[in-house]
Amino acid sequence: AMPPYKDASALVEVRVRDLLGRMTLREKAAQMAQIERTVASARALTELGAGSVLNGGGSAPGDRSPACWADMVDGMQRLALSSRLGVPILYGTDAVHGHNNVFGATVFPHNVGLGAARDPELVRRIGEATALEVRATGIKWTFAPCVAVCRDPRWGRCYESYSEDPEMVRSLATIVTGLQGEPPADHPHGYPFLGSVREKVLACAKHFVGDGGTDRGINEGNTICSYDELEDIHMAPYLDCMAQGVATVMASHSKWNGERLHSCRCLLTDVLKGKLGFKGFVISDWKGIDKICEPRAPQGSEYRYCIAQSVNAGMDMIMIPYRFEEFLEHLVSLVETGEIPLSRIDDAVERILRVKFISGVFEHPFSDPSLLDIIGCKEHRLLAREAVRKSMVLLKNGKNQKEPFLPLVKNVKRILVTGTHADDIGFQCGGWTVGWNGNSGKITPGTSILEAIKESVGVQTEVVYEACATEATIESGEFSYAVVVVGEVPYSETVGDRTDLSIPFNGSDLITRVASTIPTLVIVVSGRPLDIETQVLEKIDALVAAWLPGTEGMGIADCLFGYQDFVGKLPVTWHRSVDQLPINSGDANYDPLFPVGYGLNMFQS
Ligand SMILES: OC[C@@H]1[C@@H](O)[C@H](O)[C@@H](O)c2nc(CNc3ccccc3)cn21
C-alpha cells in the first residue's frame, strides 16, 4: 500500500508524522540545509537529500530567461525525487518587487514606494501577480515580504521597508495573502497556509526582528531598545503576517541589545514559536550562523559551535549556502553527543515537512510551462504602472500659492529632459534587480522616464535630452520647461549604507544650473529621502519623489501630465539634514523638511 506520507488525501500532520518516522538522523539533518544553486549537485540532492536550494541575489541560470529557470528548478527536483524517500526540495528566491532576477519579468516599485501609495489592496494584487510569475519558473517560495520598519534612512535597505510607521507596515502585510492566497476564516492561528498549488507561492516574513531599527541604520547592526519598543515597532507586522498564515520567517543578521538574533532562543523560540504560536519554519539569513562566533572568533570559524547555538536557539533551516557536507557532519555529530537534543531536530524537520506538504510540492513537484508567457505580461505591467502612479509623492508644485506648476503642458514647442536618472531602467529599478546590487542601463525590458515623457507629449513637441545638460544647451533658449531626473545608483544591503545622503553625481549643481534659467521640475529616483538644500528647493518650480519605480515608467508620466492626480504621501520622514537623523514622526521637536504623510495633489501648490 502507499505509505501515508505519499497519500495526498491523508491529513498533513499524519503525513508529517509518518515521513519523520521513516527518516534517518542524517536525512533529517539534510532537510534543515538550504544550499546555493551552484552547488546543488546529484550528491547533495539525491545522495544526501538537502532540503532546499536558493539562488543568491544575481545568481541565475543560463541567459536568465524564464524557460532556463524552469528547466533548472525541474532538474534539481528530479534529483531530489530520486533520493531514498523521494522528498522534494523547496526552491527559494528573492522575488521582492516582482520576479526581479528573471529577465523580462515585471518589476514593481520597491516597498518604500508602495508605502507612499498606502493601498493594501494594490499590494495584495502585486503579491498575486508576483506569485504567478514566480510559479511560471517552477519556484514555490519567495523571501518576501520584508516587513522591516526602517527608522533611519542611512540604512542600505531603507527602500525594502514600507514605512517608518509600524501601523503602515502592518497594513501592507496584505502581500502575504496575495502571494499565498487567503486562508479560510477558521484557519488555525500561526499555521502555514497555501491557497492554490498552481498560482501561489510560500512567503517569508523577514528579517525577524528589528532589522530596520539598528543604531545609525548600520546594516546587520545593533537595535538598542526596550522589549516593549521591539514589540510595538518591529514585531507588530509579524502578527499580521502570521494572521495570514505566512509559511516561513527569516531571522535577521542584526542584534537586539547586543544579542545576535541568529542565536537568540528567547526571540526565535520563546516569543515567535511560543508566545506568538508560529507553526511554520524559521530560516537563517545568508551565512547568518557563521557570524555567531564573532567577535570572539572570526566569522566562519568554530562552525560546529555556530550550528549548535543557532539550532538550539530555534533555527529550523540554515541558509548555509556552500558548506553543506561540513554542516551535515557537524549537525549529526552534535545530536549524537547530545549537544543538540533529537527533539529539537524533530521539531525543525516537522515544521519543514509541514510547509512542504502544505505547499503541494509532493503532488506537483515540477514547473507549469503553460504559465511561462505570464511573465512580464501586459496585465501585470498595467498593474505595475498603477502602482508607480500611486507611489508618486508631489512635494512642491509651483513657486507661489496661486499657480500650480503641474500638470505639465503637453503641446509645448520644446522641453529639456536631463539628469543621470532620466533614461536608465536599471537606475529606476534599484537593487535586487537582475543583479544583487542592481545595475545601470537596459537591464530588462521596461520604459524609462524619458521614454514615458516622449510618449506623452504632443507630436510637435521637441524633447531635448542630455544626461548632463551643458550650459550651451541650457542657454539655447525656447524651453517651455525642464525635467531634471536625479537620484541614487542601485545598491543592496551594506553596500547601500550611507552617512552622506546628498544627491549623487552633483545632482544639486545640475538642478541649480538648469533652474536658474528654465522653469524646472525635479524628480528624485531614490530608495530614501535625499538632502534637498533650501536654496535648491527655492529655485525649482516643482519636486516629485519617485522612489524606485521599477520597469513601468509610464506611471510617472500619468501624473506629470495630469491623466491621474497625485495620491502618494510620504511613508518616511524627509529630513532637513542628516544631522537630524534618526528623525521619526512622533519624536519630540519633530522638525523635518517634509513630515510623514505629506504629499500634494496637482491642484495644490
Ligand atoms: O538572497 C537570500 C538572502 C535574502 O533573502 C536576504 O534578505 C538578504 O539579507 C540576503 N543577503 C544575501 C547575501 N547575498 C549575496 C549575493 C551575492 C554575493 C554574496 C552574497 C542573501 N540574502
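Residues numbered from 1 in each chain as written. Predicted model: local features only at pLDDT ≥ 70, side-chain atom pairs only at ≥ 80, totals over all residues. Heavy atoms only, no water.

### Focus on the confidence of the model for the protein
Any region with low pLDDT has predicted coordinates that should not be read closely. Confidence in the prediction of the protein, expressed as mean pLDDT, is 97, and 100% of residues score 70 or more. On the interface metric, ipTM, the complex scores 0.97, and its pTM is 0.98. (pLDDT = per-residue confidence, 0-100.)

### A word on the sheet that holds strand 5 (residues 204-208)
Across the sheet, which stays open at both edges, the three strands sit in the order 5-7-10 with parallel pairing between neighbours. Edge positions in the open sheet fall to strand 5 and strand 10 (281-283), since each of these has one partner strand only. Strand-to-strand twist across the sheet, computed as the mean angle between neighbouring axes with direction ignored, equals 25°. With three bridges connecting them, strand 7 (residues 248-251) and strand 10 associate as parallel partners. Counted as the bridge partner of Thr 248 is Phe 281 from strand 10. (Pairing = 2+ DSSP bridges. Helix = DSSP H or I, 4+ residues; strand = E, 2+ residues; numbered from the N terminus. Axes fitted to C-alpha atoms, helices over the stretch in contact; angles between N-to-C directions.)

### Considering the pairing of strand 17 (residues 542-545)
The two faces of the sheet receive side chains in turn, since in a regular strand these alternate between them. Where burial is concerned, the two faces of strand 17 agree: the one with Ala 542 and Val 544 and the one with Leu 543 and Ala 545 are both buried. Pairing analysis gives four bridges linking strand 12 (residues 393-397) to strand 17, with the strands arranged antiparallel. Bridging from a neighbouring strand, Val 393 pairs with Ala 545 of strand 17. Relative to strand 17, strand 16 (residues 520-525) runs parallel, the two sharing four bridges. Bridge pairing in strand 17 places Val 524 opposite Ala 545. Of the crossover connections in this fold, the one passing from strand 16 over helix 19 (residues 534-539) to the parallel strand 17 is right-handed. (Buried < 20%, exposed > 50% of the residue type's maximum accessible area, 1.4 Å probe, protein only. Right-handed = clockwise from strand over helix to strand, strands pointing away.)

### A look at the sheet that holds strand 14 (residues 462-466)
Taking strand neighbours across the sheet as the criterion, the six strands line up as 12-17-16-15-13-14 in an open arrangement whose pairing is mixed. Because the sheet does not close on itself, it has two edges, and the strands there are strand 12 and strand 14. Ignoring strand direction, the axes of neighbouring strands in this sheet form an average angle of 15°. Against the sheet, helix 18 (residues 507-515) contacts strand 13 (414-418), strand 15 (481-487) and strand 16, and its axis sits at roughly 175° relative to strand 15. (Contact = heavy atoms within 4.5 Å.)

### As for the site of the ligand
Contacts to the ligand come from 14 residues, most closely from Asp 94, Arg 157, His 207, Asp 285 and Glu 493. Asp 94 is positioned with one of its side-chain polar atoms (N or O) 2.5 Å from an oxygen atom of the ligand. A distance of 2.6 Å is found between an oxygen atom of the ligand and a side-chain nitrogen or oxygen belonging to Asp 285. Notes on the ligand: free accessible area 490 Å², of which the protein chains cover 84%. Residues that form the shell around the ligand fall into these classes: seven nonpolar, two polar and five charged. (Near = heavy atom within 4 Å. Polar contact = N/O pair within 3.5 Å; in protein donor to acceptor, adjacent residues only side chain to side chain. Areas by Shrake-Rupley, 256 points an atom, 1.4 Å probe, with all protein chains shown as cover. Nonpolar A, V, L, I, M, F, W, Y, C, P; charged D, E, K, R; others polar.)

### Focus on the packing of helix 9 (residues 227-243) against helix 10 (residues 265-275)
Working note: a packed helix pair is described by the angle between its axes plus the distance between those axes. Their axes nearest at 12 Å, the elements helix 9 and helix 10 cross at an angle of 50°. When the interaxial angle is binned, helix 9 and helix 10 end up oblique. The hand of the helix 9/helix 10 crossing is right-handed. Contacts between helix 9 and helix 10 involve Tyr 227, Leu 230, Glu 231, Met 235 and Met 242 on the former and, on the latter, Leu 267, Val 271, Leu 272 and Lys 275. Here the contact of helix 9 with helix 10 is built from residues that sort into seven nonpolar, no polar and two charged. (Parallel < 35°, antiparallel > 145°, perpendicular 65-115°, else oblique. Left-handed = near helix turned anticlockwise from the far one by under 90°.)

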